[in-house]
Amino acid sequence: MSTQKKNESGFLIQGSILAVASIISRVIGLLYRIPLTAIIGDIGNDYYGAAMEVYSILLLISSYSLPLAVSKLVSTRVAKGERKNAYRLFKGAILFAAISGTIAALIVYFGAEVITVYLVKTPLSIFALKVLAPTLLVVAVLGVVRGFFQGMGTMMPSAISQLLEQIVNAIVSIWAAYMLFGYGSRIGAVLGNSDQYGAAYGAAGGTIGTGLGALAALLFVLFVFSAYVPVFKRQMLRDRRKGEESYRNIFFVLVMTIIPVLLSTTIYNISSIIDMGIFKHVAAAQGYAEKTYSTMWGIFSGKYKTLINVPIAIASSMAASSVPSLATAFASRDFPQVRRKIASSTRFVMVIAFPCAVGMGVLASPILQLLFHDARQMPARMIQVGAISIIFYSLSTLSNGILQGIDRMKAPVKNAVITLALHIGVLFILMYGFNLNIYAVVWANTFFSFLMCILNGAAIRKYIKYRQEIVRTFLIPAIASVVMGGAVYGMYELLIKTIKRNVIATAAAILVGVIVYGVVLLLMRGLTEEELKAFPKGYLLVKIAKKLHLLKK
């Protein structure tokens, strides 16, 4: 295999490692939300979701941009043989994370009442939000260490720490939610509001798991880092550069790299908290009872977003792995390799996103019944309407990472500002003009992700002279997914009418869908042998495909 192919294969493999870990983490997150939802209910999910939205925004501001920035800056220095400067940059980033994380934690703790009452219009989410405050500092430092390893070209520490984080999170969240729900119910009984206080304290129990999960992940990556430091210091002895960057310059470079990433990711993700505020204020003005719109938002955040975000995690992982890899190729001015990496990562994400979107839309109600014992029309309709956003969010998330990797940091910021402004307008029109209540949020989010795809795609074409291949990347996965959707629907309807067991019918339909999609995709030459090898268990898949004559031997 040529060096170029090895590099591209390694790039996809590293991305797939992080993608698999993210998917498993999301699945764990999905599974623990089932008993958590059973404990705290839809209203508790509203309190939990409100706290997590505020936490997520401050997390973006304080630390989310750090892993991307650190991975990019470390990878470019290592590519130039400047390992001493890479290590100094890591130490500077740790200090930066400690400062930004502490400030964010103080803002959340002392500003929780103002935020929950006036911003998100969910006063009883204050308990969950205050519990999350210390987690901001932990995650900030955790992000720097993960970014360092990603910049060194290995995703394994990040992948394992993600899994550990979610496992601890799941166990602690369920236990703490159960314990605190009862405690809150007793307090609420005294205050004359047992159900809502029980849900509020139960939601706070769920956020305790978030904090302890992050702490477990931090301890793990620090242990790995301590074992790696002696090796890295020996490598620093072969450093080709004699001079060292000053910490003043390191802080300047960090800030200049972080600010564009920060702005783009914050604007890109702040739409959720804006949606919450707009939806609840408009719904209240339209005469909806507080319990009604709180339940709607609880379904949206606790069920719809939880399910939709599982496949989108793949795009986030590919974006994280793309940034250092693209930055290294871009720093070497190897533009053909940059274009190949963009093409391969986009194809990888689309091969996953299309069947997930179709499958989620077709099996919306069966999946909700299987996981949450929820056969209501509203949650199923929300997923059916919003399933296509899986494709758009996956592509827009990846394209954000691509633009950051090719050093066009301002482009995602500009695109996100334009999209957010139009998104808010669409949401108001759909709520006031069409009275679509929570469905307005789903449609507006789909519009947001679609427009980001268009604007980011145009920016990539402009800056790197890149033209996206259409047939193998989009058309073939789309056709294979439609065929798969028909097979899934037919299998589910057949089994549910004969054996009348949703668990068996749903599981069998998913299995049939995976097989049909894989067969059609390979028959239509949607993946090459080398691309298939980059998938988890890729060599085994290639062997099976050749035996079945789905790949040329």
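Numbering of residues starts from 1 in each chain and follows the order in which that chain's sequence is written. Residues qualify for local features only when their pLDDT is at least 70, as the model is predicted, and side-chain atom pairs are given and counted only at 80 or more; totals for whole chains, interfaces and linings, by contrast, use all residues. The side-chain values count all of the structure's non-hydrogen atoms but skip hydrogen atoms and water molecules.

Undergrad: Any chance you could explain the overall build of the protein chain here in plain terms?
TA: Across its full length, the protein chain carries 17 helices and zero strands. Exposed residues in this analysis have more than 50% of their type's maximum accessible area, buried residues have under 20%, and partly exposed residues fall in between, with area computed by a 1.4 Å probe over protein chains only. Counting only residues that meet the buried cut, the protein chain has 58% of its 553 residues in that class. Long-range pairs, those at least 24 residues apart, make up 83% of the contacts in the protein chain between residues at least 6 apart in sequence. Using a 1.4 Å probe, accessible areas were evaluated by the Shrake-Rupley method; residue-level cover was limited to the displayed protein chains. Accessible surface for the protein chain amounts to roughly 22900 Å². Of this, 68% is attributable to carbon and sulfur atoms. We count a stretch as a helix when DSSP gives it H or I for four or more residues in a row; a strand needs E for two or more, and each element gets its number in order from the N terminus. Any two residues whose heavy atoms approach within 4.5 Å are treated as being in contact.

Undergrad: Just to check I follow, could you spell out the packing of aromatic side chains for this structure?
TA: Between 30 and 60 degrees the pair is tilted, below 30 it is stacked and above 60 it is edge-to-face, where a pair is any two Phe, Tyr or Trp rings, Trp via its six-membered ring, whose centres lie within 6.5 Å. Within this structure, the stated rule accounts for 17 aromatic pairs. Pairing tyrosine 87 with phenylalanine 90 gives two aromatic rings, centres 6.4 Å apart and planes at 20 degrees, and the pair type is stacked. Here the residue tyrosine 87 and the residue phenylalanine 90 both occupy positions in helix H2 (residues 83-119), the gap between them amounting to three residues, near one helical turn. Of the two residues examined, tyrosine 87 and phenylalanine 90, each falls in the buried class. Clustering of aromatic rings is evident, with ring pairs tying together Tyr87, Phe90, Phe148, Phe149, Phe225 and Tyr228. Directly above the ring of tyrosine 109 sits lysine 130, whose terminal nitrogen or CZ lies 4.8 Å from the centroid. Whether a charge sits over a ring depends on NZ of Lys or CZ of Arg being within 6 Å of the ring centre and within 35 degrees of the ring normal.

Undergrad: How should I be thinking about the pattern of salt bridges in this particular structure?
TA: Oppositely charged side chains are able to pair whenever their charged atoms sit close together. What counts as a salt bridge is simple: a side-chain nitrogen of Lys or Arg found within 4 Å of a carboxyl oxygen of Asp or Glu. Tallied over the full model, the rule gives nine salt bridges. Across the salt bridge formed by lysine 303 and aspartate 42, the nearest N and O atoms sit 3.3 Å from each other. With lysine 303 in helix H7 (residues 290-331) and aspartate 42 in helix H1 (residues 3-79), this pair connects stretches of sequence that are 261 residues apart. In this structure, arginine 146 engages glutamate 165 in a salt bridge whose closest nitrogen and oxygen atoms are separated by 2.9 Å. Highlighted residues: arginine 146 in helix H3 (residues 126-151) and glutamate 165 in helix H4 (residues 156-191), separated in sequence by 19 residues. Pair check on accessibility: arginine 146 and glutamate 165 agree, each one buried. Overlapping salt bridges, with partners in common, bring together Asp42, Lys303, Asp374 and Arg376 in one network.

Undergrad: Sorry, what's going on with the confidence of the model for the protein chain here?
TA: Low pLDDT means the predicted atomic positions in that stretch should not be read closely. In the predicted model, the protein chain carries a mean pLDDT of 83, and 87% of its residues have values of at least 70. Segment residues 5-12 is flagged for pLDDT under 50; beyond a separation of four residues in sequence, or across chains, it makes 18 contacts in the model. The quantity called pLDDT is the predictor's confidence in a given residue, expressed from 0 to 100.

Undergrad: Is there a simple way to explain the environment of leucine 370 in this structure?
TA: Mapped onto the elements, leucine 370 comes out in helix H9 (residues 364-372). In this structure, the C-alpha to C-alpha distance between leucine 370 and asparagine 502, residues 132 residues apart in sequence, is 6.9 Å.

Undergrad: What is the right way to look at the packing of H3 against H4 in this model?
TA: It is the contact of H3 with H4, at a shortest axis distance of 9 Å, that shows an interaxial angle of 145 degrees. Every residue of H4 that contacts H3 at Leu142, Arg146, Phe149 and Gln150 is listed here: Pro157, Ser158, Ser161, Gln162 and Glu165. Amino acid classes used here: Ala, Val, Leu, Ile, Met, Phe, Trp, Tyr, Cys and Pro are nonpolar; Asp, Glu, Lys and Arg are charged; the rest, including Gly, are polar. When grouped by side-chain class, the residues that make up the contact of H3 with H4 number three nonpolar, four polar and two charged. Working convention: axes come from line fits to C-alpha atoms, limited for helices to the stretch in contact. Angles between N-to-C directions cover 0 to 180 degrees.

Undergrad: I keep staring at H9 and nothing clicks. Help me out?
TA: Because an α-helix completes one turn every 3.6 residues, residues spaced three or four positions apart along the sequence face the same direction. Of all the residues in H9, the buried ones are Ala364, Pro366, Ile367, Leu368, Leu371 and Phe372. Backbone geometry just downstream of H9 places histidine 373 in the positive-phi region, at approximately 55 degrees.

Undergrad: So what exactly am I meant to see when it comes to the side chain of histidine 423 here?
TA: Following the sequence through the fold, histidine 423 ends up in helix H12 (residues 410-433). Classification of histidine 423 as buried rests on a relative accessible area of 0%. Between N or O atoms, a polar contact is any pair within 3.5 Å; within protein, one atom must be a potential hydrogen donor and the other a potential acceptor, and residues adjacent in sequence are included only when both atoms are from side chains. Polar contacts involving the side chain of histidine 423 include one to the side chain of aspartate 275, which spans 2.7 Å. Setting aside residues up to four positions removed in sequence, histidine 423 forms contacts with Ser271, Asp275, Ala444, Asn445, Phe447 and Phe448.

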